[in-house]
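# Fold and contact review
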Amino acid sequence: MRRDWSRPVDVERLADLAEHLAVSVPAVEMPRLRDVLSRPEGTVSGDLRFARRKGRPMVQVSVQAKLPLRCQRCLQPVWVEVAGESEVWFVSEESEADGLEPSVEPTLAPQWKMAPQAVLEEELLLAMPLIPRHGESEQCQPTSAIAPDEAAVQRPFADLGKLLQRDS
């Protein structure tokens, strides 16, 4: 039976048990990630290692995926390898985050519940390139490289000189 990674789990209990979860889910099952995919393909793999530090539950997250994103030069699909790692500390209320060290990355886990998929999805979104595009050696036809039809080119200041001469 496949585990439902989108259901909240008790992060305090997992931290007390020093639980290790290995996750592999289709990318389309992650709602925020689904919106940036160029097609419904790709798999996200990740490791969640729960522990307790300074009395607080935390998790070491590592995530890897090969995703079909949209190239921002040619707007065609491009497969991008994405990987990220971080250490996330859980807080049950926003006010608790103020007491943490500045180097700590807090995440809100109301009533100490959090879905493993949400933690992985957040890490993956942070690791993704801001502007996905084909590499230099790959085929990419940037839309700006397509020669425009001369009749379609607009020159908004072309007649400005004539207007200035007429008004003088």
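Within each chain, residues carry numbers counting from 1 in the order of the written sequence. Side-chain atom pairs in this predicted model are given and counted only at pLDDT of 80 or more, local residue features only at pLDDT of at least 70, and totals for whole chains, interfaces and linings cover all residues. Calculated side-chain values reflect all of the structure's heavy atoms, with hydrogen atoms and water omitted.

With that settled, consider the pattern of salt bridges. Put simply, a salt bridge is a Lys or Arg side-chain nitrogen that is within 4 Å of an Asp or Glu carboxyl oxygen. Enumeration over the complete set of coordinates arrives at six salt bridges. In this structure, R52 engages D16 in a salt bridge whose closest nitrogen and oxygen atoms are separated by 2.7 Å. With a gap of 36 residues between them, R52 in strand β3 (residues 43-53) and D16 in helix α1 (residues 11-16) connect regions that are remote in the sequence. Residue class for D16 comes out exposed when judged on its relative accessible area of 54%. Comment: elements are numbered from the N terminus, with helices defined as DSSP H or I runs of at least four residues and strands as E runs of at least two. Here's how the labels work: a residue is buried when its accessible area is under 20% of the maximum for its type, exposed when over 50%, partly exposed in between, all with a 1.4 Å probe on protein chains only.

Glancing now at the nonpolar core. If you look at the biggest cluster of nonpolar residues, it comprises 35 residues, and the most contacted ones within it are L33, V44, L48, L67 and F90. Mapped onto this core, the elements with two or more residues apiece are α1, β2 (20-26), β3, β4 (56-70), β5 (77-91) and α3 (116-127). Among the elements that take part in this core, β4 stands out by supplying six residues, more than any other. In this structure, M58, V91, L100 and V104 belong to the second largest nonpolar core, which totals five residues. Residue types Ala, Val, Leu, Ile, Met, Phe, Trp, Tyr and Cys, when buried and joined through side-chain atoms within 4.5 Å, form a set referred to as a nonpolar core.

In this section: the environment of E94. Note that E94 resides in the loop between β5 and β6 (105-108). Here the alpha-carbon distance between E94 and A109, two residues 15 residues apart in the chain, equals 9.3 Å.

On to the packing of aromatic side chains, then. Classification of ring pairs rests on two measures: the distance between centres of Phe, Tyr or Trp rings, Trp counted by its six-membered ring, which must be within 6.5 Å, and the angle between planes, read as stacked under 30 degrees, edge-to-face over 60 and tilted in between. Inspection of the entire model under this criterion finds one aromatic pair. With a centroid separation of 6.3 Å and 15° between ring planes, the pair formed by F50 and F90 is classed as stacked. Of this pair, F50 sits in strand β3 while F90 sits in strand β5; the two residues are 40 residues apart in sequence, bridging distant segments of the chain.

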